[in-house]
Amino acid sequence: MTVEAKFTDQVNRNFDKAAAYTNHSPGLLKQIKICNSVYYMTFPLKRDDGSIEAIQAWRAEHSQHKTPVKGGIRYSMAVSEDEVMALAALMTYKCAIVDVPFGGGKGGVKVSRLNYSQAELERITRRYTYELFRKNFIDPGIDVPAPDYGTGPQEMAWILDTYNSIAPSKLDSIACVTGKPISQGGVRGRIEATGRGVFFGLREACSDRHDMKQLGMNVGIDGKKVVVQGLGNVGYHAAKFLQEAGAIVVGLSEREGAIYDQKGLDVCKVFEHRRETHSIVDYPGAQNLNATGDVLELECDILVPAALENQITMANVSRVRAKMIGEAANGPVTSEAHEALRKRNVMILPDTYLNAGGVTVSYFEWLKNLSHVRFGRMDKRFEEATNTKILEAIELATGKKLTDNIFGPIAQGADEEDLVNSGLEETMINAYREIREIKSQHGDEIGLRTAAFIVAINKVATSYLELGIFP
Ligand code: GLU
C-alpha cells in the first residue's frame, strides 16, 4: 500500500486542522502536539537454538499533562519510532476525548510473534520490561502499558511478574500494567472492551435520525451490512457485538485472505474455522476474495478497519463503497484519503473516539488495582437485598406474585462485569454526544475527526492552563 506521509505527520495534520478552530496560543498548541519523550533501546535475545539476536524496541510518552501516561505495547515488524510516536499522540487525544485522566504513551517491539516460540516471547517481554524499568518508563503513577496489536493478557502477566521481581515492594505494583489476566489483577470485560466500545460508538452514531437520513440509511444497527477488516481481538469482538445487534456481517478478512457472503457470515463460526484450519479462506458457503485488501472495497453500510494503520489510502479510496467507516484500528485512513471520503459524504467515526473502549476499561482496571477490591464486592448483595425488598413491597401492594423470570433479573445486584460494561457504555455515549455537539456548532462543516480533535485539544489545553504553565 502507498503511504502518503509519515504517521506522525498524518496525526499532526489532523491536529492542525482542528487547532485552527480553537483560540489557543501557538506555544500551547505546540506543547500539546509534540511528543515529550521517546526511549529507543536494543537488547539481546538468546534464541532457543542458542543464537543471539538484537531486538529493537521503543516506548514513547507523548504527554504528561496528566499522569500516568497510558498506552499499549505492540509486537509487529512495522514498529518504528515514527509509529510509536504517532500512536502515543493518538493515546493522548483518545484519553482526553473519553475523559480518562491519563496522558498518552505507546510502546513497540520490532518482532513478528509468529517467528518466536512462547519461551522466546517470554524472554523478549521480560527483558523489555526490565529496560523500561531501568529508565523509569513503567510505574503505576508514571507509565502504565497495556495490550496492543500482537500482545495480550499473557504478555501483561509477564510484565507484572517482571516488575514485581525488580521493583522495590510497593503497595500499588499491581497497577503497573493493565489488560492482565483476571487471576493477576485484571478486570472482567477488558478483553472485549475495545470491540464493545466500537459497537457502542457505532450504535450511538446510527441512532441519529438526521445523520442516518443524510446517509440514506435506516436508524439503528439492525439490518446494516457490515464488513470488518481484521479478526484479532478488536475486530472479532466488534463484529460479534454488531452481529448480535442484528447487523449482517457480509465480509471478513485476515492477513492470509478475505471472505464474502451477502447473506451474512457467522462471526463465531468463521473464527472457529480459522482456528482449526489456520486460515480464514475456504469458509463453507462463502466466496474467497482475490486479495485480503479487497475486503475494503466491498459494498456495505459500515466498514470497520480493525487491523493496522494506512489501510485506506489514495491508492484505493476511490474504490471504497461504504457509507460509514468505523475506525477500530488506529490510523487506518490516511489524512488525504479522509479528505476524499469526506467530499463523498462518507461518515467517519475516528479512531481517537471509536477505539477508546480499551483504554477506558484499562482505567477501570487501574482503579480496581489501586483500591485493591473487586468492583461490586461491597455492594452487590446489599443492592440485591434492597431490590428484593422493593419487589416484595410491590407484590404486597398489588396482591400479585411476580414470576421468577421477572423477579430474578430485577432483584440482581451488579457484578464486576455489569459495572465495567455499564461504565464503558456511559463513556462511549457521552463522548459521542460531546463530539457530535461540537460538529453541529460548526454547522456540520467539519467532520467527526476534526470535532473529536477539537474536544481533545481543548481538554488538554485546560489541563495545562490550570497547571498555570501558560498564563
Ligand atoms: N492499546 C489500546 C489502545 O490503543 C489500549 C491502551 C490501554 O489500554 O492503555 O487504545
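Read on for a plain summary of the structure. (Residues numbered from 1 in each chain as written. Predicted model: local features only at pLDDT ≥ 70, side-chain atom pairs only at ≥ 80, totals over all residues. Heavy atoms only, no water.)

### Side note on the packing of aromatic side chains
Link 1 in the chain: One pass over the structure, following the stated rule, counts twelve aromatic pairs.
Link 2 in the chain: On the numbers, 5.8 Å between centres and 85 degrees between planes, the contact of Phe133 with Tyr163 is edge-to-face. In this pair, Phe133 sits in helix α4 (residues 118–134) while Tyr163 sits in helix α5 (residues 153–166), placing the two residues 30 residues apart along the sequence.
Link 3 in the chain: Ring centres of Tyr353 and Tyr432 lie 5.7 Å apart, and the angle between their planes is 50 degrees; this geometry places the pair in the tilted category. Linking Tyr353 in helix α11 (residues 351–354) with Tyr432 in helix α15 (residues 416–441), this pair joins segments that are 79 residues apart in sequence.
Link 4 in the chain: Exposure remark for Tyr353: the relative accessible area of 1% places this residue in the buried category.
Link 5 in the chain: What makes Tyr432 buried here is its relative accessible area of 3%. (Phe/Tyr/Trp six-rings, centres within 6.5 Å; stacked < 30°, edge-to-face > 60°. Helix = DSSP H or I, 4+ residues; strand = E, 2+ residues; numbered from the N terminus. Buried < 20%, exposed > 50% of the residue type's maximum accessible area, 1.4 Å probe, protein only.)

### A short note on helix α10 (residues 335–343)
Because each turn of an α-helix spans 3.6 residues, side chains separated by three or four positions in sequence point in the same direction.
Link 1 in the chain: If you check which residues of α10 are buried, you get Ser335, Ala337, His338, Ala340 and Leu341.
Link 2 in the chain: In the stretch just after α10, Asn345 is the one whose phi turns positive, near 60 degrees.

### Brief notes about the site of the ligand
Link 1 in the chain: Every one of the 14 residues lining the ligand counts as a neighbour, but Lys70, Lys94, Pro147, Asp148 and Ser362 are closest to it.
Link 2 in the chain: A distance of 2.9 Å separates an oxygen atom of the ligand from a polar atom in the side chain of Lys70.
Link 3 in the chain: Summarising the interface, the protein chains cover 94% of the accessible area of the ligand, which totals 300 Å² for the free molecule.
Link 4 in the chain: Listed by contribution, the elements that provide at least two residues to the shell around the ligand are β3 (69–75), α3 (81–97), β5 (143–147) and α12 (357–371).
Link 5 in the chain: Broken down by class, the residue content of the shell around the ligand amounts to four nonpolar, five polar and five charged. (Near = heavy atom within 4 Å. Polar contact = N/O pair within 3.5 Å; in protein donor to acceptor, adjacent residues only side chain to side chain. Areas by Shrake-Rupley, 256 points an atom, 1.4 Å probe, with all protein chains shown as cover. Nonpolar A, V, L, I, M, F, W, Y, C, P; charged D, E, K, R; others polar.)

### Side note on the packing of helix α1 (residues 7–19) against α3
Link 1 in the chain: Packing of α1 against α3 leaves a shortest axis separation of 7 Å and a crossing angle of 30 degrees. Judged on the interaxial angle alone, α3 and α1 are roughly parallel. Between α1 and α3, the contacting residues are Phe7, Thr8, Val11 and Phe15 on the first element and Asp82, Glu83, Met85, Ala86, Leu87, Ala89, Leu90 and Tyr93 on the second.
Link 2 in the chain: Within the contact of α1 with α3, the residues separate by chemical class into nine nonpolar, one polar and two charged. (Axes fitted to C-alpha atoms, helices over the stretch in contact; angles between N-to-C directions. Parallel < 35°, antiparallel > 145°, perpendicular 65-115°, else oblique. Contact = heavy atoms within 4.5 Å.)

### Notes on the pattern of salt bridges
Link 1 in the chain: Counting across every chain of the model gives 39 salt bridges.
Link 2 in the chain: The salt bridge involving Arg449 is made with Glu327; its shortest N-O contact spans 2.8 Å. Note that Arg449 is positioned in helix α16 (residues 448–467) and Glu327 in the loop between β11 (324–326) and α10, a separation of 122 residues in sequence.
Link 3 in the chain: The class for Arg449 is buried, based on a relative accessible area of 4%.
Link 4 in the chain: Since its relative accessible area comes to 0%, Glu327 is described here as buried. (Salt bridge = Lys/Arg side-chain N within 4 Å of Asp/Glu carboxyl O.)

### Description of the sheet that holds strand β10 (residues 302–305)
Link 1 in the chain: A sheet is described by the order of its strands in space; here seven strands give the open sequence β9-β8-β7-β6-β10-β11-β12, paired in mixed fashion. Two strands close off the open sheet at either side, each with one partner strand: β9 (287–288) and β12 (347–349).
Link 2 in the chain: As paired elements, β11 and β12 share three bridges and run parallel to each other. Residue pairing across strands places Gly326 opposite Leu349, the latter belonging to β12. (Pairing = 2+ DSSP bridges.)

### Description of the layout of surface pockets
Link 1 in the chain: One number sums up the size of the second largest pocket: a volume of about 300 Å³.
Link 2 in the chain: As for the second largest pocket, its lining consists of 13 residues, and the residues nearest its centre are Gln214, Arg342, Asn345, Met347 and Lys439.
Link 3 in the chain: For the lining of the second largest pocket, the secondary-structure elements that each account for two or more residues are α7 (209–215) and β12.
Link 4 in the chain: Per element, the largest residue contribution to the lining of the second largest pocket is four residues, and it comes from α7.
Link 5 in the chain: When its residues are assigned to classes, the lining of the second largest pocket shows five nonpolar, four polar and four charged. (1 Å grid on protein atoms, 1.4 Å probe; cavity = no way out; pocket = protein on both sides within 12 Å on 5 of 7 lines; lining within 4 Å. Points joined across faces, edges and corners; volume = space filled by probe spheres on them.)

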